[in-house]
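Structural overview for review
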Amino acid sequence: MERIRVAGVEVSPNHYIGGKRVSSESTFQVISPIDESVLGEVAAGSQHEVDLAVQAAKNAFPAWAALGPKGRGNYLKKLANIIEANIEKLAIVETTNNGSLFESSRLRVMKRGAHNIRFFAEWAEQLKGEIWESNGVRYSVHYEPSGVSGLITPWNAPFMLTTWKVGPALAAGNTVVIKPPEWAPFTCSLLADFAEEAGIPPGVLNVVQGIGEQAGAALTNHSDVNRISFTGSEETGRIIGKAAADRIVPVSLELGGKSPLIIFADCDFESALRTAIGQYDNAGQVCLAGTRILVEESIAEKFLERLKTEASKIVLGDPRKPETQVGPLITREHLERVQGFVEGTKATGAELAYGGFVSEKLGGLYFEPTLFVNIPNDAEILKKEVFGPVLTFQTFKTEEEAIEMANNTEYGLAATIFTGDEQRAERVGHAVNAGTVWVNTFFARDLSAPFGGSKKSGIGREGGNWSFEFFCDVKTLSKRNGSFQ
């Protein structure tokens, strides 16, 4: 198939395998959530295309691994530079494809994609395992490339989250096969173009478009895939985990969240309020969003009234416009899921403070920012991930009660705490079950730090050495002192 134009940008709808564009017999449609128009037909990969891509990655692996961190880093830093030169192009394509805010993509998200690639290239060059001696034996730890990595990425931030995986995998010396999200595949296709422009050898980076049940399943079950990294839903994570278990292949799963935003009376009120309103970012389609707002009783009434006031000012609309603060949901199917949660919550007797419906003015996939109060403690919405612009509001009297409420979920991806008491921040921060806890800030992310979830939010950590421990075979070399002539 020929290239198609997405928001004026030429994008290939084909796979990228072994340095070449490859079509398929079957295709699938990609719809823009902005107006539900058809953006184009995209090649639908199957076992055949996955086999080709994995074989290409396997063939390219020895030479890529042999380059060493510095040799690979030269290619990856060039790739990062090319990404930075194409920020505007990437931003408008992703906005058109998944409905995320153009200004946010242009100013922050796409730049993080370049940073992800460059950071891990530089980290690999400095990566050194520990060396020590014990009982006359010298031990040294080495990070060795593991082979072919299968990377499956989500639709809510497809480019940035793909580079988050591609960066450490390639820097570690692995070759990769990427399965982009079928609802938003186009920026991953552009990444393949940029890799080619950077001179990355054929087969090192491959992209197979397709449906999860077909291309995704073929990739996770492939006998020559040595690592599987997935970001997405808990349901799909279970399927991938079973496939990895059958082959005893290391798997990294970053899954859903139902994160608490805990606000104590001694907090910086305005900062906490801004953070609460900020949970509607990307129409709530953010896995680590603090969708459960827990507020100390003594300030709850004031906080709720201010929250309603600020929510009434949110600009819902076309994500391409700079004034827009919340855009559409990704698909009609996903809209129906969000509506189902809202209707189910209303049926419990919970009270709608605001929102709860598709915009009367905009229609389509534009769902009004929504807040529930007076919710029964056993309501599904307090325990399951909605992944839409729907927040819940609860109150607590004591620190212990706040912790109990925060942990009353099967997820443990993130938590946010606002308090003016540093000792309380330490106590509550340690007591809350979450892979990441932010205190008096939100979404602060240093790639040196580990990121991942506890409980049903996932397995493994990404960032710094943790990424390389996953993508590498970590080897210990033990040599007896004085045993060589």
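The shown structure was predicted, so the numbers you read here are calculated from the model rather than taken from an experiment.

Right, let's talk about the overall build of the protein for a bit. Secondary structure assignment for the protein yields 14 helices and 24 strands. Taking 2.2 N^0.38 as the reference for a compact globule, 485 residues should give roughly 23 Å; the C-alpha atoms of the protein span a radius of gyration of 23 Å, in line with that estimate. Projected onto its principal axes, the C-alpha positions of the protein cover 75 × 65 × 40 Å. Within the protein, the proportion of its 485 residues that are buried is 58%. Sequence separation of 24 or more characterises 72% of the internal contacts of the protein that already satisfy a separation of 6 or more. Of the roughly 19,700 Å² of accessible surface on the protein, 49% is carried by carbon and sulfur atoms.

The next subject is the sheet that holds strand E14 (residues 260-263). Reading across from one edge, E16-E17-E18-E15-E14-E20-E21 is the order of the 7 strands in this open sheet, with mixed pairing throughout. Only two strands of the sheet have a single partner each, and these edge strands are strand E16 (351-354) and strand E21 (436-439). Between one strand axis and the next, the sheet turns through 25 degrees on average, direction left out of account. As paired elements, strand E20 (residues 414-418) and E21 share 4 bridges and run parallel to each other. Within the sheet, the bridge partner assigned to Ala415 lies in E21 and is Val437. Lying over the sheet, helix H11 (residues 332-347) contacts E16, strand E17 (370-373) and strand E18 (390-396), oriented at roughly 25 degrees with respect to E17. The sheet contacts of helix H12 (residues 399-406) involve E14, strand E15 (292-296) and E18, and relative to E18 the element is tilted by about 150 degrees.

Once that is clear, we can look at the packing of helix H4 (residues 102-126) against helix H14 (residues 464-471). Across the interface, H4 lies against H14 with an axial gap of 10 Å and an inter-helix angle of 80 degrees. In terms of axis orientation, H4 runs roughly perpendicular to H14. Contacts from Phe119, Phe120, Trp123 and Ala124 of H4 reach H14 at Gly464, Asn465, Ser467 and Phe468. A breakdown of the residues in the contact of H4 with H14 according to their chemical character gives 5 nonpolar, 3 polar and no charged.

As for its position among the elements, Ser149 is in strand E9 (residues 148-152). For the pair Ser149 and Thr175, spaced 26 residues apart in sequence, the C-alpha separation works out to 6.2 Å. Excluding its chain neighbours within four sequence positions, the residues that come into contact with Ser149 are Ala169, Asn174, Thr175, Val176, Val177, Val225, Arg227 and Phe471. Reaching out from Ser149, the side chain makes a polar contact with the side chain of Asn174 at a distance of 3.0 Å.

Our focus in this paragraph is helix H1 (residues 47-66). Counted at 1.5 Å a residue, the expected span for H1 with its 20 residues is 28 Å, and the 29 Å between its end C-alpha atoms agrees. Along H1, the sharpest change in direction is near 40 degrees and occurs at Ala60; proline Pro62 comes one to four residues later. Along H1, the positions that sit buried rather than exposed are Glu49, Val50, Ala53, Val54, Ala56, Ala57, Ala60, Phe61, Trp64 and Ala65. A positive backbone phi angle near 80 degrees is found at Gly68, which sits one or two residues after H1.

By the definition in use, this model includes 14 aromatic pairs. Ring geometry for Phe120 and Phe468: centres 6.1 Å apart, planes at 55 degrees, overall tilted. Remark: Phe468 occurs in helix H14 and Phe120 occurs in helix H4; sequence separation between them is 348 residues. The same class applies to Phe120 and to Phe468, which are both buried. Judged by centre distance (5.6 Å) and plane angle (45 degrees), the ring pair of Trp164 and Phe451 falls under tilted. One end of the pair, Trp164, is in helix H5 (residues 158-171); the other, Phe451, is in the loop between E21 and strand E22 (454-455), and 287 residues separate them in sequence. Like Phe451, Trp164 is buried. Feature note: the residues Phe119, Phe120, Trp123 and Phe468 constitute an aromatic cluster, connected by ring pairs. It is Arg424 that lies over the ring of Phe264; its NZ or CZ is 4.4 Å from the centre.

Turning our attention to the side chain of Ser259. Along the polypeptide, Ser259 turns up in the loop between strand E13 (251-254) and E14. In contact with Ser259, not counting residues within four places along its chain, are Leu288, Ala289, Gly290, Thr291, Arg292, Ala414 and Ala415.

Counted according to the given criterion, the structure contains 24 salt bridges. Salt-bridge contacts for Lys77 lead to Glu125; the nearest nitrogen and oxygen are separated by 3.0 Å. Here Lys77 is found in helix H2 (residues 68-85), whereas its partner Glu125 is found in helix H4, with 48 residues between them in sequence. Lys77 sits in the partly exposed class, given a relative accessible area of 24%. Residue classification places Glu125 among the partly exposed residues on the basis of a relative accessible area of 23%. Residues Arg106 and Glu88 are paired through a salt bridge, measuring 3.7 Å at the closest nitrogen-oxygen approach.

With respect to the helices and strands, Ala289 occurs in the loop between helix H9 (269-277) and E15. Measuring from C-alpha to C-alpha, the distance between Ala289 and Glu130 comes to 37 Å, with 159 residues separating the pair along the chain. Here Ala289 is in contact with Ser259, Gln279 and Phe442, once residues within four sequence places are set aside.

Conventions adopted
Residues numbered from 1 in each chain as written. Predicted model: local features only at pLDDT ≥ 70, side-chain atom pairs only at ≥ 80, totals over all residues. Heavy atoms only, no water. Helix = DSSP H or I, 4+ residues; strand = E, 2+ residues; numbered from the N terminus. Rg over C-alpha atoms; globule rule 2.2 N^0.38 Å. Buried < 20%, exposed > 50% of the residue type's maximum accessible area, 1.4 Å probe, protein only. Contact = heavy atoms within 4.5 Å. Areas by Shrake-Rupley, 256 points an atom, 1.4 Å probe, with all protein chains shown as cover. Pairing = 2+ DSSP bridges. Axes fitted to C-alpha atoms, helices over the stretch in contact; angles between N-to-C directions. Parallel < 35°, antiparallel > 145°, perpendicular 65-115°, else oblique. Nonpolar A, V, L, I, M, F, W, Y, C, P; charged D, E, K, R; others polar. Polar contact = N/O pair within 3.5 Å; in protein donor to acceptor, adjacent residues only side chain to side chain. Expected span 1.5 Å × (residues − 1). Bend = angle between axes of the 7 residues up to and from the residue. Phe/Tyr/Trp six-rings, centres within 6.5 Å; stacked < 30°, edge-to-face > 60°. Lys NZ or Arg CZ within 6 Å of the ring centre and 35° of its normal. Salt bridge = Lys/Arg side-chain N within 4 Å of Asp/Glu carboxyl O.

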